[in-house]
Amino acid sequence: MSHGLDVLARLAFWLVLAPLVPGIINKVKAWVAGRRGPPLFQLYFDLAKLWRKGVVLSTAVSPGHVAGPAIAWVALMSAALLLPLGPAGAILSFRGDALLFVYLLALARFCTAGAALDTGSAFEGMGAAREVSYAILSEAAVITALLTLAVQTGSLSLGAMLAPAAGPGAAVLAAGLFVVLLAENCRVPFDDPNTHLELTMVHEVMVLDHSGPPLAVILHGASVKLLLFATLLVQAALPLGQWPAGPAAGLLVISLLGVAVGVGLVESLLARLAFQRVPLLLTTAFILCLFALLTSWKASTSSEARQGAMNPAECRCSGTRAAHSAALPGESGGKRA
Amino acid sequence: MNASSHFVLLNNGQGLPWADIPEWPAEEFVHTAAAEIERGGRLCAWFGLPEGTALRLVAVVAYDADNALAVGRSQPFAGGYPSLTVSHPQAHLFEREVWEQHGVMPENHPWLKPVRQSAGAAPVNAPCFRVEGGEIHEVAVGPVHAGIIEPGHFRFQCQGETVLHLEIALGYQHRGIEQALAGGPHRATLSQIETVAGDTTIGHATAHATVIEALAGVEAPLRAQWLRAIALELERLANHAGDLGALANDVAFQPTAAACGKIRGDFLNLTALLCGNRFGRGLVRPGGCGWDLEPDRSRQLAERLRAAMAEVGRAADWLWDANSVLARFEGTGVVSAEQAAELGLVGPAARASGLVRDVRFDHPAGWHRFAQMPVAVWPDGDVQGRAQVRRLEIQRSGAFVEEQLDSPVDGPWLTEMPACAPNMLAVALVEGWRGEICHVVLTDDAGRLRRYKVVDPSFHNWTGLALALRGQAISDFPLCNKSFNLSYCGFDL
């Protein structure tokens, strides 16, 4: 596949498939409740409808009100393009792109919260305050998770970090990242995407004053973020990067579907947390990621000790990469035998 | 209560000549009313009655423990009177209402402002209580809400996520029902009564029918009273089931929320089976009921009721089996028994705070004189308590209706209504699903309705909601609000 086609295919994955995830979640919820539920493609219809509509702007807002969602969307899409997709790797990959990934997510949040505060509405101020205070804990968990992968692989590039499985702490890490996924995407038990009650919303209340195309951009950005966290979760837990393209793609799709169904089941069977309890659950997610970090750190130091002075520590990084690139033929060779 | 009660006693659903009601000068009347309340009474109604340019005050007090009501009135006066609210906060809204309607000043009333309308019949826009400080922020919600609910304005004084004070300003649905009823009964009277609060059609219509029958000196046939009791419980079942679903929805607990929406419809359809209207319009009328329940429809009703009861029981079990739900319900929006008693709360909100207060039990009238059911009480006063009371009442109402369908009363279901007697006052209390509905009616020299006072349970209970929010997280407001589920139009009249 030529590079241009590859980029187009990636863009299509993120742009076109992302709105499907909320559709799947809603279908699962409807199925559990015994309802028929909205169509699978409801978000696409909503986006098309919003895109055709005009924009109603409050007289109180600055240009940042419209610029915020746009910058947030670009930041989320850029973060998505940094994320590798199985053995195909990422479009853009360089040493330290994991840090850029974290900062892009933070930038998106900053712009959404800023656009909300810009309206001067008491509701949106409350929503922004809640979003940002949750972020303190959930970002800590995400950074710890990435640190775990970095220690595991000795790399700071997402492509290399996510290729192998997260090692001994994979299950714990996946649990932590799943909680973070729920929090970051404002799903139950952190937020209720279906509520119409301004006083209890987090994400929904921040976009109350947006309309038309900017709202469409926000909704699409939110679905990209959901898919992004799901992809991160799946690849952190499974060694997709070390599989051949076909099975890896299949497994990726199945696991993403699994995550969406999981989110739907959580939303169907759990009530929302009270706001005061949210830090507890987010701290739990952080601690889960921290345990994963400790496990992988322990594992890496003990393997270093086993290998002794034969492999100097500074070579581990390139050594892992070499092992990674060598893994593919080894895998297929194993299949042939 | 003891023999020294100064007010004249009467029973629920009974009338007495206007001249028999003792009267006092305004100041003494307030002291007498205060003494009646201190003796264990509870203020059911307090309203003004213009006499030329002067005004009379009339008070209806209920002695729940003694199954008796008491009525007193003041001599006509003008200007002001010492406020009863100072010693008995349950009078605060009544005194504001009288001040708004008739301009007499309750002296030293702590928070005197309009209840429904200001000068131009526009909804309230009076100044709200404010907390000052750098960390304080004010959140204004409504009257236009995000959901499809009635209009009302809520003003929160918050410190971070914590609510220091909530003030509720209503009046956006004021339709002038009491004024429209005066001079009646008209042809539209029954329809107006049925829409005081549309979800309490049976409750208000039963209170109206009872009070008019008392004024006319007749009693509805037993079969009509039996039908009314069944319809009242069906109304309670539908609304309580809907409330459990709405509570589940507010904490995003899907199973019960989804099931109860459907079950509420099942119960409404039972009322429709009874009278052709899901809300019971046209069933209860002065003199009896509009329709009879034939044996085969009765059998069908019992069958469908059993199915719906099984479903609602399951849906409620899901709610109480989910720890994540109980974590939200327990300890949220607590109203203590002392607060509930002081504010004069009624209905499930009072019973959830441990007050044994149920008109069907305390002041039985109509069919409830012959068929009783236990009062559902819960001591905690939180959202869980209010939900629990509803769950218990669903069980008991369901059992009651089944029992009644098994043992019908024969006979006519409608009787001729003579005209109302002149210069009579009658009081009717009905335990609607939200609580005590009070209708007080006075006729004039020609037997027309001179004054028709309606007190919806919401009128007593809105202040309870404001109190429940003290020190709560603002994000718990919708949950607390739903646990009270008060009527805006019933309050606004």
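Calculation criteria
- Residues numbered from 1 in each chain as written.
- Chains lettered and ligands numbered in written order.
- Predicted model: local features only at pLDDT ≥ 70, side-chain atom pairs only at ≥ 80, totals over all residues.
- pLDDT = per-residue confidence, 0-100.
- Helix = DSSP H or I, 4+ residues; strand = E, 2+ residues; numbered from the N terminus.
- Contact = placed C-beta atoms within 7 Å.
- Nonpolar A, V, L, I, M, F, W, Y, C, P; charged D, E, K, R; others polar.
- Buried ≥ 20, exposed ≤ 12 C-beta atoms within 10 Å, placed from the backbone.
- Pairing = 2+ DSSP bridges.
- Expected span 1.5 Å × (residues − 1).
- Axes fitted to C-alpha atoms, helices over the stretch in contact; angles between N-to-C directions.

Draft legend 1. Structural detail: the confidence of the model for chain A. All names here are of chain A. On average, residues of chain A score 85 in pLDDT, and 89% of them reach the 70 mark or higher. When mean pLDDT is taken per element in chain A, helix H3 (residues 42-52) scores highest with 95 and helix H13 (residues 316-336) scores lowest with 39. With pLDDT under 50 throughout, residues 309-337 is counted as low confidence; its partners more than four residues away or in other chains account for 22 contacts.

Draft legend 2. Local environment of the interface of chain A and chain B. Of the residues lining the interface, 23 residues belong to chain A; the matching set on chain B comes to 25 residues. Per element, the largest residue contribution to the side of chain A that touches chain B is 3 residues, and it comes from helix H2 (residues 20-33) of chain A. Taken together, the residues that form the side of chain A that touches chain B break down as 11 nonpolar, 6 polar and 6 charged.

Draft legend 3. Here's a closer look at the environment of Gly40 of chain B. Residues and elements named next belong to chain B. Mapped onto the elements, Gly40 comes out in the loop between helix H1 (26-38) and strand S4 (42-51). Here Gly40 falls in the partly exposed class, since 14 other C-beta atoms lie within 10 Å of it. On a C-alpha basis, the gap between Gly40 and Val61 in space is 9.4 Å, while along the polypeptide they are 21 residues apart.

Draft legend 4. Molecular detail of the pairing of strand S15 (residues 435-443) of chain B. Residues and elements named next belong to chain B. Burial analysis of S15 places 9 of its 9 residues in the buried class, the great majority of the element. Inspection of the sheet shows strand S14 (residues 424-432) paired to S15 by 8 bridges, in the antiparallel sense. Note that in S15 the partner of Ala426 across the bridge is Val441. Hairpin connection from S15 to strand S16 (residues 449-455): 5 residues lie between these consecutive antiparallel strands, with Gly447 at a positive phi of about 85°.

Draft legend 5. Layout of helix H4 (residues 64-82) of chain A. Residues and elements named next belong to chain A. Between its first and last C-alpha, H4 extends 26 Å over 19 residues, near the 27 Å set by a 1.5 Å rise per residue. Those residues of H4 that sit buried are His65, Gly68, Pro69, Ala72, Trp73, Ala75, Leu76, Met77, Ala79, Ala80 and Leu82. Next to the buried residues of H4 lie helix H1 (3-17), helix H5 (97-117), helix H7 (158-162) and helix H10 (212-237).

Draft legend 6. Layout of the sheet that holds S15 of chain B. All names here are of chain B. A sheet is described by the order of its strands in space; here 4 strands give the open sequence S2-S14-S15-S16, paired in antiparallel fashion. Of all the strands in the sheet, just strand S2 (14-17) and S16 have a single pairing partner and so form its edges. Shown here is a sheet whose adjacent strand axes are inclined to one another by a mean of 15°, direction ignored. Relative to S14, S2 is paired through 4 bridges, and the arrangement is antiparallel. Opposite Pro17, over in S14, you have Met424 as the bridge partner. Each of S2, S14 and S15 is contacted by helix H5 (residues 201-216), which is oriented at about 155° to S14, the strand it contacts most.

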